[in-house]
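One-letter residues, chain by chain:
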Amino acid sequence: MMAEKLDLNTLVEDHRVHRRIYTEPQVFALEMERIFESGWVFLGHDSEVAAAGDFKQVRFGSQPAIMTRDEDGAIQVLMNRCMHRGATICQEERGNARHFRCWYHGWTYNGRGELVGLPYPGGYGKNFDRSRFSLIRAAKVANYRGLVFASLSADVEELPDYLGKARYYIDLFMDLSPQGAVEARAGTHKYGYDGNWKFQMENGVDGYHANFVHQAFFEIQGKRLGRRVMKLFNETSPLESKDLGHGHSLLDTAPRRSSPRLVSNILRGQVPAEIGDAYVQSLVARNGEARAAEILAASNVNLAVFPNLLIIGIQLRNVIPISFNRTEVFLTPTTLCGVHEAINVARLRAHEAFYGPAGGGAPDDVEMFNRCQAGLAVKGAEWLELSRGLERETVGEDGVIAAHLTDEVPQRAFYKRWREIMCGVATAARPSVTLAAAGS
Amino acid sequence: MATLSRSAVEDLLYAEALILDERRYDAWLAMLTADAIYWIPSNGPGRDPTREIAIVYDDFERLSDRVRRLESGLAHAQSPPSQTRRLIGNVTVAEAQDNAMSIGSNFLLYHLRRGRERIFAGRYEHRLRCVEGVWKIAAKKVVLVNNDEVIDNLTFIV
Ligand SMILES: [Fe+2]
């Protein structure tokens, strides 16, 4: 078999990326190691493990883990692997358990991962030290306004620093609740596709595709609502795309809805007027008029948090890489704490209209990811072009790079970070990998 | 008391299955009442749609939009379209009142798209109502066995 040296540095340029970042299993393996096993990864919402003993299975790339709340109320992230002979110790996707027992030989761990049950201990010598057999724990676990992230490496920035300018938008999303909190306990949409995980991360903050992939949805819904939705995504749209730093990015919908009254009117179509007005009033009471308007303006955010979280509409979207050409995506809708039930019902129904495996929008995106993976088998056309808007970018005083909504600012932001991690300073000693010749 | 015999119920379910397998969506809409609900629960049996996300929870208006979109030529996830054949069995009449019936049935649905074969299985729960002498579908709930699993594409009408 032919082998060749490939410099990862040459696969990502400022305005284009090489097809091999989507098609090479070896690049995928390095992504797991350097991105998903070495840095902050989004795992879920803390309301998913609200009570002591609640657990949910999660993943760091291909590694199975458990997010659970221990008896002291702390969220623990434990690797799902018995320290005896390797079997997974947790089988259900979600549940509540005081202990995790490996049913192969009965080794039992508590919610902090400590080995508390060792059957027939007489067979082990006097010097057998149980404390050496605690489950592997994530090196860092942190919660930002309910969003739970963890890192298998201790060598990471503190989470608030890592989130950086994305925090402002996460705050807006959470502050849509008059209690400043959302819950993620209404179930999850799960879909998959035969394509690379990065397609989904690119697409969640892609303002250029909407009028093509979603034309039929927008036209039919627009007719129903008497609104011209496609105007938001065409060349004269007043909206912007933004690079927030750290690989995080945004489609900024703020200019669209700016006054509480306007949003109250939008809600009016979905919930009785008095409920919509009371909701807006509750936000004003908690936040003041100006901040309430600011919060409501963000009610349709598209935010990408590197590497695997998208916050879109009402949902937390977790992108789960399975292999270089297989991805699973979990969409968990949120409900607002402290609002009339009708508002949360309206949120759920609005989400279903577009998202999920049978939605009117998301499956058409997914179809494009399948088509991209298939098309990238073509050799000779080696690059994917991401230069749109490069010449009309502006840089704000806060360092945020912005351009038109349809520009590929978010995608460039993602790959800037990707290159830093995959072949940047920290990993300069290992930018080259040996790749088997493609197709062999 | 106006109710249907089980074989008449079966005929109705078979007719619906054929219409859906042939993607004659307008004919399907014509089988529904104006207040019909089409519900595919997510993550389990589907207990309370006001507290749970569903894979689909369409009223007639939204369902009409869905059909318009499927027939627009721009529903990319159905280009090429899903080819399906479904078998229906184990039909039970759960409830029979005057002009209204609740029917349960099992289905096995073979699905082919782009050379990839998939099989879906589950239970249909139909609520039928007799409107001016014609039996129509007032609600259709589809409890897929795999509704808590990853599903790549469910954009055809189940
Ligand atoms: Fe899209």
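Please read these numbers as outputs of a predicted model, since none were measured by experiment.

Asker: Explain the overall build of chain B here, please?
Answerer: Helix and strand counts for chain B come out as three helices and six strands. Written out in order from the N terminus, the α and β elements of chain B read α-α-β-β-α-β-β-β-β. C-alpha atoms of chain B, sized along the principal axes, occupy 50 × 30 × 30 Å. Going through the 158 residues of chain B one by one, you find that 50% of them count as buried. Pairs at least 24 apart in sequence give 60% of the contacts found in chain B among residues at least 6 apart. For chain B, the accessible surface area stands at approximately 7100 Å², while carbon and sulfur atoms represent 51% of it. If the 21 positive side-chain charges of chain B are averaged to one point and the 22 negative ones to another, these points end up 4 Å apart.

Asker: How should the pairing of strand 18 (residues 309–312) of chain A be read in this particular structure?
Answerer: Walk down a regular strand and you will see the side chains alternate between the two sheet faces. Residues and elements named next belong to chain A. Side chains Leu 309 and Ile 311 of strand 18 all project onto a buried face; the interleaved residues Leu 310 and Ile 312 project onto the opposite face, where all are buried too. In terms of strand pairing, strand 17 (residues 302–305) meets strand 18 through four bridges, oriented antiparallel. Paired with Asn 302 across the strands is Ile 312, a residue of strand 18. If you look at the hairpin formed by strand 17 and strand 18, you'll find three residues sitting between the two strands.

Asker: Is there a simple way to think about the coordination of the iron ion in this case?
Answerer: Tetrahedral coordination by four donors puts the ideal angle at the metal at 109.5 degrees, and octahedral coordination by six puts it at 90 or 180 degrees. All names here are of chain A. Around the iron ion, the protein supplies His 209 (NE2), His 214 (NE2), Asp 365 (OD) and Asp 365 (OD) as donor atoms, at distances of 2.0 to 2.4 Å. Read N to C, the donor residues that coordinate the iron ion are spaced as H-x4-H-x150-D. Both residues of the pair, His 209 and His 214, belong to the buried class.

Asker: Whenever I open this one, a nonpolar patch on the surface confuses me. Can you help?
Answerer: Taken together, the side chains of Leu 87, Leu 108, Tyr 110 and Ile 119 of chain B make up a nonpolar region of the molecular surface, amounting to roughly 410 Å² of accessible area. With respect to the secondary-structure elements, Leu 87 of chain B resides in strand 3 (residues 83–97).

Asker: Whenever I open this one, the packing of helix 4 (residues 166–175) of chain A against helix 10 (residues 289–297) of chain A confuses me. Can you help?
Answerer: Describing two packed helices takes the angle between their axes plus the distance from one axis to the other. Residues and elements named next belong to chain A. It is at 8 Å that the axes of helix 4 and helix 10 come closest, and there the two elements cross at 100°. Taken together, the axis directions place helix 4 and helix 10 in an arrangement best described as roughly perpendicular. Residue-level inspection shows Tyr 168, Asp 171, Leu 172 and Asp 175 of helix 4 in contact with helix 10, the latter providing Arg 291, Glu 294 and Ile 295. Within the contact of helix 4 with helix 10, the residues separate by chemical class into three nonpolar, no polar and four charged.

Asker: Teacher, can you tell me more about the interface of chain A and chain B here?
Answerer: How big an interface is tends to be expressed through the accessible area that disappears when the partners come together. Contact with chain A, which involves 39 residues of that partner, is made by 35 residues of chain B. For the pairing of chain A and chain B, the buried interface totals around 2900 Å² over both sides, and the portion due to carbon and sulfur atoms is 49%. Summed over the three residues of chain A that lose the most area to chain B, namely Arg 224, Arg 349 and Ala 358 of chain A, the buried surface amounts to 19% of that side. The shortest N-O distance in the salt bridge between Lys 190 of chain A and Asp 148 of chain B comes to 2.9 Å. Inspection of the chain A/chain B interface yields 24 residue pairs in polar contact (both at pLDDT 80 or more). Where the side of chain A that touches chain B is concerned, the elements lending two or more residues are strand 14 (189–193), helix 6 (210–213), helix 7 (215–225), strand 20 (326–333), helix 11 (341–354) and helix 12 (362–375) of chain A. Take the side of chain A that touches chain B: its biggest share by element is eight residues, from helix 11 of chain A. Class assignment of the residues belonging to the side of chain A that touches chain B gives a composition of 19 nonpolar, eight polar and twelve charged.

Asker: Is there a simple way to think about the confidence of the model for chain A in this case?
Answerer: Residues and elements named next belong to chain A. Of all residues in chain A, 92% have pLDDT values of 70 or greater, and the mean over the chain is 92. With pLDDT under 50 throughout, residues 426–432 is counted as low confidence; its partners more than four residues away or in other chains account for 13 contacts. Below a pLDDT of 50 lies the segment residues 435–440, which in the model reaches 18 contacts outside its immediate sequence neighbourhood of four places, other chains included.

Asker: So what exactly am I meant to see when it comes to the sheet that holds strand 10 (residues 115–117) of chain A here?
Answerer: Strand pairing within a sheet occurs via backbone hydrogen bonds; the two strands may be parallel or antiparallel. All names here are of chain A. The strand order across the open sheet built from three strands is 8-9-10, with neighbouring strands paired in antiparallel fashion. Here the strands that pair on one side only, and so sit at the sheet edges, are strand 8 (99–101) and strand 10. Sheet twist, expressed as the mean angle between neighbouring strand axes with direction ignored, is 40°. Summarising the sheet, strand 8 and strand 9 (residues 108–110) pair through three bridges and their orientation is antiparallel.

Asker: Help me understand the environment of Tyr 168 of chain A, please; the structure alone is not making it clear to me.
Answerer: Following the sequence through the fold, Tyr 168 of chain A ends up in helix 4. When neighbours within four sequence positions are excluded, Tyr 168 of chain A is seen to be in contact with Arg 291 and Glu 294 of chain A.

Asker: What am I meant to see in the sheet that holds strand 5 (residues 63–69) of chain A here?
Answerer: Residues and elements named next belong to chain A. The strand order across the open sheet formed by four strands is 6-5-4-7, and the pairing between neighbours is antiparallel. The open sheet has two edge strands with one neighbour each: strand 6 (75–79) and strand 7 (94–96). Across the sheet, the mean angle from the axis of one strand to that of its neighbour is 30°, orientation sign disregarded. By the bridge criterion, five bridges tie strand 5 to strand 6 in an arrangement that is antiparallel. Of the residues in strand 6, the one forming a bridge with Ile 66 is Leu 78.

Asker: Before we go on, may I ask you to explain the pattern of salt bridges in this structure?
Answerer: According to the stated counting rule, one finds 46 salt bridges over all chains in the structure shown. In this structure, Asp 65 of chain B engages Arg 224 of chain A in a salt bridge whose closest nitrogen and oxygen atoms are separated by 2.4 Å. Of this pair, Asp 65 of chain B sits in helix 3 (residues 60–70) while Arg 224 of chain A sits in helix 7, each in a different chain. Judged by relative accessible area, which is 18%, Asp 65 of chain B ranks as buried. Residue Lys 242 of chain A pairs with Glu 240 of chain A through a salt bridge whose shortest N-O separation is 4.0 Å. The network of salt bridges with shared partners includes Arg 145, Asp 171, Asp 175, Arg 286, Arg 291 and Glu 294 of chain A.

Asker: Explain the packing of aromatic side chains here, please?
Answerer: Two aromatic rings, taken as a pair, are described by how far apart their centres are and by the angle between their planes. All names here are of chain A. This structure, assessed with the given rule, holds 25 aromatic pairs over all chains. When the centroid spacing of 5.4 Å and the interplanar angle of 5° are considered together, the rings of Phe 218 and Phe 233 count as stacked. Pair noted here: Phe 218 is in helix 7 and Phe 233 is in the loop between helix 7 and strand 15 (240–245), with a separation of 15 residues, a long-range link. For Phe 218, a relative accessible area of 8% puts it in the buried group. When the ring of Phe 306 is compared with that of Phe 414, the centres are 4.9 Å apart and the planes differ by 50°; the resulting orientation is tilted. Of the two residues, Phe 306 is situated in the loop between strand 17 and strand 18 and Phe 414 in helix 13 (residues 409–423); the sequence distance between them amounts to 108 residues.

Calculation criteria
Residues numbered from 1 in each chain as written. Chains lettered and ligands numbered in written order. Predicted model: local features only at pLDDT ≥ 70, side-chain atom pairs only at ≥ 80, totals over all residues. Heavy atoms only, no water. Helix = DSSP H or I, 4+ residues; strand = E, 2+ residues; numbered from the N terminus. Buried < 20%, exposed > 50% of the residue type's maximum accessible area, 1.4 Å probe, protein only. Contact = heavy atoms within 4.5 Å. Areas by Shrake-Rupley, 256 points an atom, 1.4 Å probe, with all protein chains shown as cover. Lys, Arg positive; Asp, Glu negative; His and termini not counted. Charge placed at Lys NZ, Arg CZ, Asp CG, Glu CD. Pairing = 2+ DSSP bridges. Donors = N, O, S within 2.8 Å, 3.2 Å for Na, K, Ca; no water. Patch = residues over 30% accessible without salt bridge, like charges linked within 9 Å, V, L, I, M, F, W, Y side chains within 5 Å. Salt bridge = Lys/Arg side-chain N within 4 Å of Asp/Glu carboxyl O. Axes fitted to C-alpha atoms, helices over the stretch in contact; angles between N-to-C directions. Parallel < 35°, antiparallel > 145°, perpendicular 65-115°, else oblique. Nonpolar A, V, L, I, M, F, W, Y, C, P; charged D, E, K, R; others polar. Buried area = accessible area lost by both parts, 1.4 Å probe. Polar contact = N/O pair within 3.5 Å; in protein donor to acceptor, adjacent residues only side chain to side chain. pLDDT = per-residue confidence, 0-100. Phe/Tyr/Trp six-rings, centres within 6.5 Å; stacked < 30°, edge-to-face > 60°.

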